[in-house]
Amino acid sequence: MKKEIKIIALAPHDGWAFVEENEDLFLLRPPYTVSSKIQCTAKELEEAVVKHGYHSVNYPFKNYSELIQFIKNEYIRAKKDSGTTTPTMEELKELLDYASEDVLLRFLEKADKELIPEGKIEAAESLALDLMKLDKLIENKKLFDHALNIIYKCSDLRKKRNAWEIKLQEKSLKKKFINIVGKYSVEPIIERIRATQQKGVLFPI
Amino acid sequence: MNKISNAKLDLFEVANQNAKRIENNYKEIKKKYCVKDETTLEEFAGFVKKNWALSINLKQSEINGFLISGIYQNMYQVIEDDLKKLSLERGINISKEEVAKNRMGIFYEPRKIFENQFEDGERFIYAALNTGGIGLKKHGAEFCLIVHQKEVKKMSSCAFLKKESTLYVHNGSLNIEQLKNDTASRKTIHLLTAIKNEKELPDTAAKNWPELVCNEKNYIEAITTDDISIEHINTVRISKKSEDIYFDYLYKGCISQLDKFEKDYLGDFRDMLKLLEKNGINKEIIDEKGN
């Protein structure tokens, strides 16, 4: 049976919508994942329309991807109509000041256990540095040390990564510049090549 | 004009007049209870009497609007404002009823039937009785404003209904007799709450009483025609689960890129927190898992 989905009530200023899928009724909210799709009743739909200003509508869609994009576009349009400007990331980072220690710990743990193992060293380091500026971290030694530990880990990993890159480059250099590699160590050769690259002179690697 | 107004019921007077009946009902229930349960019933009524407050759950856009304007508006007031804007900015004139009908669709009629029975029905502001917890956070109304008891006691009007108001509308008419039996004032609300929950009480631990009083499926509705302004609010409750959603976006933004939708969405949350701080309103995070 072909799936029939439609939005039957929409809160354009909030990005929330009631969706009818075949006979079932769901409430869908950002971030629009499976867990943000909640089964609900007709009575709840009524309350939402009456008490919370959801607009009663009837918009059919072929699939959830199109439906979600529509909700997002309506939200962006509503924000634009109300004259709201999109905040910059720096402005949004002000939210870190409002984060509880539990939230900050969660961020640090994700950096430690997800970002670093995935090799996203720059992201982990940048997050730890952002958090270390916060009063909450300065006042909480455990959290501060956690962030500092991430910075050290990232630094160590970067050194290892650089060493590994040098090893790789050594192999490549030996092929390209047989005479020089025998005469000098690899690091000054790489430095010279980098300087040459920056000046835009011929023959970078 | 006065004739029409007089034909309508004064909900708050109905609530005052029902006091004796509620007190008698409560006494009857007490008689039925065994000694142990009677203590529980009295303790519960005492708990409600001490802790009751009103809660109004709002969506993000609603709470931001409230924090900016300083006055809570019901649906008709919001529509009136929208219409004034439409008329001024675009020269479009539409009636309030027309817009209300369009927005509420098939749900317009039962609401009108209820409100038409009462004086100032269109001015009704709906809230829920709350003795703790995050109120009726369904339909995206995840931010729970708490109007403390001492503020409610200063108001000129407040009535409580045993169940949600439109449930008294059946087949196009309002069941006035049932509604009269189910209405309480501020003085008897603790007794009405005990009456309503008498069956569940013996099996409900005291720590779960707030959830028993106000949950998604069952709650006591509060109605006032008084203005609810920012000065009435000193706490906003948010579930940890909801807060995590916003902070997950922030985490994403700190480690990679957010798209325009995500930035706007997170921006609304930031604006709210700043406005709460500016107005000296506490933010309470409630972990529903009890962690």
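What you see is a predicted model; the values in this text were computed from it and never measured.

Trainee: Hey, could you run me through the overall build of chain B in this one?
Mentor: When helices and strands are tallied, chain B shows 14 helices and 12 strands. In terms of overall size, chain B behaves like a compact globule, its C-alpha atoms giving a radius of gyration of 21 Å where 291 residues would be expected to give roughly 19 Å. Counting only C-alpha atoms, chain B reaches 65 × 55 × 35 Å along its principal axes. For chain B, the proportion of its 291 residues judged to be buried stands at 39%. Of all intrachain contacts in chain B linking residues separated by at least 6 positions in sequence, the fraction that spans at least 24 positions is 81%.

Trainee: Would you explain the interface of chain A and chain B in this entry?
Mentor: Frequently, the measure chosen for interface size is the accessible area removed from exposure when the parts meet. Taken together, the 41 residues of chain A in the interface contact 34 residues of chain B. Secondary structure elements with two or more residues in the side of chain A that touches chain B: α1 (42–52), β5 (55–61), α2 (64–81), α3 (89–92), α4 (101–115) and α5 (121–132) of chain A. When residues of the side of chain A that touches chain B are assigned to their parent elements, the largest contribution, 8 residues, is made by α1(A). Class assignment of the residues belonging to the side of chain A that touches chain B gives a composition of 21 nonpolar, 8 polar and 12 charged.

Trainee: Any chance you could explain the environment of A:Phe18 here in plain terms?
Mentor: Residues and elements named next belong to chain A. With respect to the helices and strands, Phe18 occurs in strand β2 (residues 16–21). What makes Phe18 buried here is the crowd of 25 C-beta atoms within 10 Å. Taking C-alpha positions, Phe18 is 9.4 Å from Ile38, a pair spaced 20 residues apart along the chain. Excluding residues that lie within four positions of it along the chain, Phe18 makes contacts with Ile8, Ala9, Leu25, Leu27, Leu45, Ala48 and Tyr54.

Trainee: What's the story with the sheet that holds strand β2 (residues 125–130) of chain B in this structure? I'm lost.
Mentor: Hydrogen bonds along the backbone pair up the strands of a sheet, which may run parallel or antiparallel. All names here are of chain B. Reading across from one edge, β7-β4-β10-β2-β1-β3-β11-β12 is the order of the 8 strands in this open sheet, with mixed pairing throughout. Edge positions in the sheet fall to β7 (183–184) and β12 (282–286), since each has one partner strand and no second. Alignment of strand β11 (residues 233–239) against β12, held across 5 bridges, turns out to be parallel. Residue pairing in the sheet places Arg237 in a bridge with Glu284 of β12.

Trainee: For this particular structure, what's the right way to read the environment of B:Arg270?
Mentor: Note that B:Arg270 resides in helix α14 (residues 260–278). Every residue in contact with B:Arg270, bar those within four places of it in the chain, is listed here: A:Pro87, A:Leu92, A:Glu94 and A:Leu95.

Trainee: What is the right way to read α4(A) from this model?
Mentor: What sets the pattern is the α-helix's 3.6 residues per turn: residues three or four places apart point alike. Residue and element names in this part refer to chain A. With 15 residues, α4 ought to run about 21 Å at 1.5 Å a step, and its terminal C-alpha atoms sit 20 Å apart, in line with that. Val103, Leu104, Phe107, Leu108, Ala111 and Leu115 are the residues of α4 that are buried. The arc that holds every buried residue of α4, seen down its axis, measures 140 degrees, which confines them to one face. Seen from the buried face of α4, the exposed residues on the opposite side, beyond 90 degrees, are Glu109 and Lys113.

Trainee: In this structure, what is going on with the sheet that holds strand β3 (residues 24–28) of chain A? I would like to understand it.
Mentor: Residue and element names in this part refer to chain A. Ordered by their spatial adjacency, 5 strands build an open sheet running β4-β3-β2-β1-β5, and the pairing between neighbours is antiparallel. Each having just a single partner strand, β4 (37–39) and β5 make up the two edges of the open sheet. The mean angle between the axes of side-by-side strands here comes to 30 degrees, regardless of whether they run parallel or antiparallel. Across 5 bridges, strand β1 (residues 5–11) lies against β5 in antiparallel orientation. Pairing of Ile5 across the sheet is with Phe61, part of β5.

Trainee: Would you explain the packing of helix α6 (residues 75–90) of chain B against helix α7 (residues 96–104) of chain B in this entry?
Mentor: Helices that pack against each other are described as a pair by the angle of their axes relative to one another and the distance between those axes. All names here are of chain B. Remark: α6 packs on α7, axes separated minimally by 10 Å, with the N-to-C direction vectors making an angle of 115 degrees. The way α6 lies across α7 gives a crossing that is right-handed. Contacts between α6 and α7 involve Tyr76, Ile79, Glu80 and Leu83 on the former and, on the latter, Lys96, Val99 and Ala100. Taken together, the residues of the contact of α6 with α7 sort by class into 5 nonpolar, no polar and 2 charged.

Reading guide: rules and limits
- Residues numbered from 1 in each chain as written.
- Chains lettered and ligands numbered in written order.
- Predicted model: local features only at pLDDT ≥ 70, side-chain atom pairs only at ≥ 80, totals over all residues.
- Helix = DSSP H or I, 4+ residues; strand = E, 2+ residues; numbered from the N terminus.
- Rg over C-alpha atoms; globule rule 2.2 N^0.38 Å.
- Buried ≥ 20, exposed ≤ 12 C-beta atoms within 10 Å, placed from the backbone.
- Contact = placed C-beta atoms within 7 Å.
- Nonpolar A, V, L, I, M, F, W, Y, C, P; charged D, E, K, R; others polar.
- Pairing = 2+ DSSP bridges.
- Expected span 1.5 Å × (residues − 1).
- Arc of directions from axis to C-beta.
- Axes fitted to C-alpha atoms, helices over the stretch in contact; angles between N-to-C directions.
- Left-handed = near helix turned anticlockwise from the far one by under 90°.

These results come straight from atomic positions and should not be treated as a statement about function.
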